[in-house]
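Overview (structure and organization)
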Amino acid sequence: MIKVAPSILSADAANLVADVKKVSGADYLHVDVMDGQFVPNLSFGIATVRDLAKNTKTKLDVHMMVAEPERFISDFIEAGASVIGVHVESTNHIARAIQMIKDGGIRAEVVVNPGTPLTALEDLLPMVDQVLVMSVNPGFGGQKFLPMAIDKVQRLSNLRQARGLEFDIEIDGGISEENVKDVYDAGVDIAVAGSYVFNSKDPESQVEKLKGLTK
Ligand code: DX5
Ligand code: ZN
């Protein structure tokens, strides 16, 4: 069964704790951190992670869409992140950024944009606990799923098997009941879902639906 990480980008930003309580079946909470530079939008920061961590037992999966994320990695670890994802496109020193996350004792993830080939992260695979494949261009919730992500996941899953590695594959962007089975079959372990979960009167049942379709 697929694991589900609801993205709070589509939750009510003024009532996050209440919305998070509506997805108690979630495996992670996905927190999108945007800096207005790496992506054309602003969102949550260190204080949001810190205060969410005090209010939920669900693990926080922090997706840093930030230029030179090294500047803030230790802050997010201190704030209570369980996973930190850093974009391979966001720094000249991605291996150092990943090492900083690992040294902080939490799960380290490398993230890849739709336009970036897998060759950009192949050498990093033995270092990471997770790889996040973007299935939209990052910056906004509610965008349309890019089907080319399925082939990318399949190739990544083949690489994982061929090399005997054990990282989890996560996917982010446009996930719904229409495509969750396809991405799961291609090799995805964790699906981020924002608008599909929170633009519903019953977020909990949306999480359960995604899981049920991959039983
Ligand atoms: C996009 C974010 C996603 C977003 C997903 O930049 O990284 O996590 O919240 O939202 P949906 O599921 O609506 O595409
Ligand atoms: Zn995200």
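Residues numbered from 1 in each chain as written. Chains lettered and ligands numbered in written order. Predicted model: local features only at pLDDT ≥ 70, side-chain atom pairs only at ≥ 80, totals over all residues.

1. Concerning the overall build of the protein
We apply this condition: What counts as a helix is a DSSP run of H or I of at least four residues, what counts as a strand is a run of E of at least two, and both are numbered from the N terminus. Radius of gyration means the value over C-alpha atoms here, while the globule rule gives 2.2 Å times the residue count to the 0.38 power. Partly exposed residues are those whose C-beta has more than 12 but fewer than 20 other C-beta atoms within 10 Å; with 20 or more the residue is buried, with 12 or fewer it is exposed, and the C-beta atoms are placed from the backbone. Residues are scored as being in contact if the C-beta atoms we place from backbone atoms lie within 7 Å.
Each helix and strand in the protein was counted, giving eight helices and eight strands. Here the protein has a C-alpha radius of gyration of 16 Å; the compact-globule value for 215 residues is 17 Å, and the two agree. Projecting the C-alpha coordinates of the protein onto the three principal axes gives extents of approximately 45 × 35 × 30 Å. Across the 215 residues in the protein, those meeting the buried criterion constitute 45%. Put simply, 61% of the contacts in the protein that link residues at least 6 apart link residues at least 24 apart.

2. Here we look at the pairing of strand E2 (residues 28-34)
What counts is decided by this rule: Whether two strands pair comes down to DSSP finding at least two bridges between them. Look down the strands so they point away from you; if going from the first strand over the helix to the second traces a clockwise path, that crossover is right-handed.
Counting buried positions along E2 yields seven of seven residues, so the element is predominantly enclosed. Along E2, one buried face is formed by Tyr-28, His-30, Asp-32 and Met-34 and the opposite face, lined by Leu-29, Val-31 and Val-33, is buried too. For E2 and strand E3 (residues 59-65), the ladder comprises seven bridges, and the chain directions are parallel. Bridge pairing in E3 links Tyr-28 to Lys-59. Viewed along the sheet, the connection from E2 through helix H2 (residues 46-55) into E3 turns out right-handed.

3. Focus: the sheet that holds E2
Rules: Axis lines are fitted through C-alpha atoms, for helices just across the contact stretch, and the angle between N-to-C directions can take any value from 0 to 180 degrees.
Across the sheet, eight strands lie side by side as E1-E8-E7-E6-E5-E4-E3-E2; this open sheet has parallel pairing. At either margin of the open sheet sits one strand with a lone partner, and together these are strand E1 (3-6) and E2. Ignoring which end each strand starts from, the neighbouring axes of this sheet average 25 degrees apart. Where H2 meets the sheet, it contacts E2 and E3, and its direction lies at approximately 170 degrees from that of E3.

4. Let's talk about the site of ligand 1
Let me state the cut-off plainly: Using the backbone to place each C-beta atom, any residue with that atom within 6 Å of a molecule or strand is considered near it. We call Asp, Glu, Lys and Arg charged. Ala, Val, Leu, Ile, Met, Phe, Trp, Tyr, Cys and Pro are nonpolar, and the rest, Gly among them, are polar.
In the vicinity of ligand 1 lie 22 residues, with Ser-7, Leu-9, Pro-138, Gly-194 and Ser-195 positioned nearest. Counting residues per element, the ones that place at least two in the shell around ligand 1 are E2, strand E8 (190-193) and helix H7 (195-198). Taken together, the residues of the shell around ligand 1 break down into eight nonpolar, twelve polar and two charged.

5. Re the nonpolar core
Threshold: Any set of buried Ala, Val, Leu, Ile, Met, Phe, Trp, Tyr and Cys residues joined through C-beta atoms within 7 Å is what this text calls a nonpolar core.
By size, the foremost hydrophobic cluster in this structure holds 66 residues, and its most contacted members are Val-62, Ile-84, Val-133, Val-153, Val-188 and Ala-191. When residues in this core are grouped by element, the largest group, five residues, is from E2.

6. Quick look at the environment of Ala-108
Its location among the elements puts Ala-108 in strand E5 (residues 107-112). Residue class for Ala-108 comes out buried when judged on the 23 C-beta atoms lying within 10 Å of it. In this structure, the C-alpha to C-alpha distance between Ala-108 and Ala-95, residues 13 residues apart in sequence, is 11 Å. With near-sequence residues (within four places) excluded, Ala-108 lies in contact with Ile-84, Ile-98, Ile-101, Lys-102, Met-127, Val-128 and Asp-129.

7. A word on the pairing of strand E7 (residues 168-172)
Of all five residues making up E7, four are buried, and the element is well covered by its neighbours. Where strand E6 (residues 130-134) and E7 come together, five bridges link them in parallel fashion. Bridge assignment links Gln-130 to a residue of E7, and that residue is Asp-168. With respect to chirality, the unit in which E6 leads through helix H5 (residues 148-163) into the neighbouring parallel E7 is right-handed. When E7 meets E8, the two strands line up parallel, connected through three bridges. Paired with Ile-171 across the strands is Ala-191, a residue of E8. Crossover E7 to E8 through helix H6 (residues 180-186) is right-handed.

8. Notes on the UniProt feature "binding site: substrate" (unreviewed entry) in the protein
To be explicit about the condition: UniProt positions are given in the numbering used here, feature names are shortened, and annotations may be inferred rather than shown by experiment.
As annotated in UniProt, the feature "binding site: substrate" (unreviewed entry) corresponds to Ser-7, His-63, Gly-139, Phe-140, Gly-141, Gly-142, Asp-172, Gly-173, Gly-174, Gly-194 and Ser-195 in the numbering used here. Structurally, Ser-7 is set in the loop between E1 and helix H1 (16-21). In this structure Ser-7 comes out as buried when scored by C-beta crowding, with 24 C-beta atoms within 10 Å. Discounting chain neighbours no more than four positions away, the residues touching Ser-7 are His-30, Asp-32, Gly-141, Val-192, Ala-193 and Gly-194.

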